[in-house]
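# Structural characterization, general
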Amino acid sequence: MSAHNNAKKGDIADFVLLPGDPRRAKLIAETFLTDAKCYNEVRGMLGYTGFYNGKRISVQGTGMGMPSISIYITELIEEYGVETLVRVGSCGSIQEDVNMMDIVLAMSACTDSGMNKLRFNGNDFAPTANFELLKKAYEIAEQNNINTHTGSILTSDSFYTESHLGDPFLNWKTYGVLAVDMETAALYSIAAKYKKKALAILTVSDHILKKQALSADDRQDSFKEMIEFALQLA
């Protein structure tokens, strides 16, 4: 057991899907896994282990933001020996050609957070995906004609931005950043520290430039495609 997870040793598989919303963890377990068992309910952050096509898989909610996901993935690695961590979440597009319900494979994660500045004594660290996982995901997308975009994203600490400061995403857009989330830079940084495999697969749920957002039904349908895609990595 850890401070935020009451799973016992051996309860969690070495391949874990990481949705932010714990209710989505429950939905994934009930929809895609067989013989799924709940191993964690601490703080309502649900975690399950089951099987997908004979492969043992876990799914763990992580909450929102870099501090929250950092807690869960650190404990998954240190206490439970997890080797592969795949974030399945949402993002907001900041490019005209990255459209609603498209899937983004995050090759790297810029950030406006100060967490890595603290880790590296004020210097910058470039958090990146595991190449093996990224290559495999890209090939799966190509083989199945899944509409994906591969490139840099921004992991931001702010969901609501200050309007008087102008467009907070203009520079990021200019430099080719595809979309914005709130967790991936932490995932890639901690995976690098422990030499584990990590990848973020994100569905575009909002288009920040076009001021569009998915309905609840569309969000659910598009996320199912993303989950099926992510599970093939196992």
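See the structure shown above.
Quick look at the structure, then. Predicted model, so just to flag it, every value in this text is computed and none were measured.

### Re the packing of aromatic side chains
Under the counting rule described, the total for this entry stands at one aromatic pair. Consider the rings of Phe-120 and Phe-125, whose centres lie 4.9 Å apart with planes at 5°: the pair is stacked. On the basis of relative accessibility, which here comes to 33%, the residue Phe-120 falls in the partly exposed class. On the basis of relative accessibility, which here comes to 30%, the residue Phe-125 falls in the partly exposed class. Sitting over the ring of Tyr-80, Lys-9 keeps its end group 5.9 Å from the ring centre.

### Details of the side chain of Ser-93
By the secondary structure assignment, Ser-93 is in strand β5 (residues 84-93). Setting aside chain neighbours within four positions, we find Ser-93 in contact with Val-98, Leu-178, Ala-179, Val-204, Asp-206, His-207, Ile-208 and Leu-209.

### Things to note about the pairing of β5
For β5, a buried count of nine out of ten residues is recorded, marking the element as mostly surrounded by other parts of the structure. The pairing of strand β1 (residues 15-18) with β5 spans four bridges and is parallel. Looking across to β5, one finds that Leu-17 is bridged to Val-86. Relative to strand β9 (residues 197-207), β5 runs parallel, the two being bridged by ten bridges. Residue pairing for β9: Thr-84 is matched across the bridge by Lys-197. Inspection of the sheet shows β5 paired to strand β8 (residues 179-181) by two bridges, in the antiparallel sense. For Gly-92, the partnering residue across the bridge sits in β8 and is Val-180.

### Describing the environment of Leu-33
One can find Leu-33 in the loop between α1 (22-32) and β2 (34-40). Overall, Leu-33 belongs to the buried group, its relative accessible area being 8%. Sequence-distant contacts of Leu-33, defined by excluding residues within four places in its chain, comprise Ile-28, Gly-50, Phe-51, Tyr-52, Ile-57 and Val-59.

### Focus: unusual backbone geometry
Non-glycine residue Asn-53 carries a positive phi angle of around 50°. Looking at the secondary structure, you find Asn-53 in the loop between β3 (47-52) and β4 (55-60). The residue Lys-211 is not glycine, and still its phi comes out positive at about 55°. Examined against the element boundaries, Lys-211 turns out to sit in the loop between β9 and β10 (212-213).

### As for the packing of helix α2 (residues 66-80) against helix α6 (residues 184-194)
Running from amino to carboxyl end, α2 crosses α6 at an angle of 30°, the nearest separation of the two axes being 9 Å. In terms of orientation, α2 and α6 fall into the roughly parallel class. Crossing hand, α2 versus α6: right-handed. Contacts between α2 and α6 involve Met-66, Ile-69, Ser-70, Ile-73, Thr-74, Ile-77 and Glu-78 from the former and Ala-185, Ala-186, Leu-187, Ile-190 and Tyr-194 from the latter. Taken together, the residues of the contact of α2 with α6 break down into nine nonpolar, two polar and one charged.

### Section: the pattern of salt bridges
Tallied over the full model, the rule gives nine salt bridges. Between Lys-9 and Glu-79 there is a salt bridge; the shortest N-O distance is 3.9 Å. Here Lys-9 is found in the segment before β1, whereas its partner Glu-79 is found in helix α2, with 70 residues between them in sequence. By relative accessible area, Glu-79 is classed as partly exposed at 29%. Close ionic contact of Glu-139 with Lys-135 constitutes a salt bridge, the shortest N to O distance being 2.8 Å. Pair noted here: Glu-139 and Lys-135 are both in helix α4 (residues 131-143), with a separation of four residues, about one helical turn. Overall, Lys-135 belongs to the partly exposed group, its relative accessible area being 41%. Because the salt bridges share partners, they merge into one network encompassing Arg-87, Asp-181 and Glu-183.

What counts and what doesn't
- Residues numbered from 1 in each chain as written.
- Predicted model: local features only at pLDDT ≥ 70, side-chain atom pairs only at ≥ 80, totals over all residues.
- Heavy atoms only, no water.
- Phe/Tyr/Trp six-rings, centres within 6.5 Å; stacked < 30°, edge-to-face > 60°.
- Buried < 20%, exposed > 50% of the residue type's maximum accessible area, 1.4 Å probe, protein only.
- Lys NZ or Arg CZ within 6 Å of the ring centre and 35° of its normal.
- Helix = DSSP H or I, 4+ residues; strand = E, 2+ residues; numbered from the N terminus.
- Contact = heavy atoms within 4.5 Å.
- Pairing = 2+ DSSP bridges.
- Axes fitted to C-alpha atoms, helices over the stretch in contact; angles between N-to-C directions.
- Parallel < 35°, antiparallel > 145°, perpendicular 65-115°, else oblique.
- Left-handed = near helix turned anticlockwise from the far one by under 90°.
- Nonpolar A, V, L, I, M, F, W, Y, C, P; charged D, E, K, R; others polar.
- Salt bridge = Lys/Arg side-chain N within 4 Å of Asp/Glu carboxyl O.

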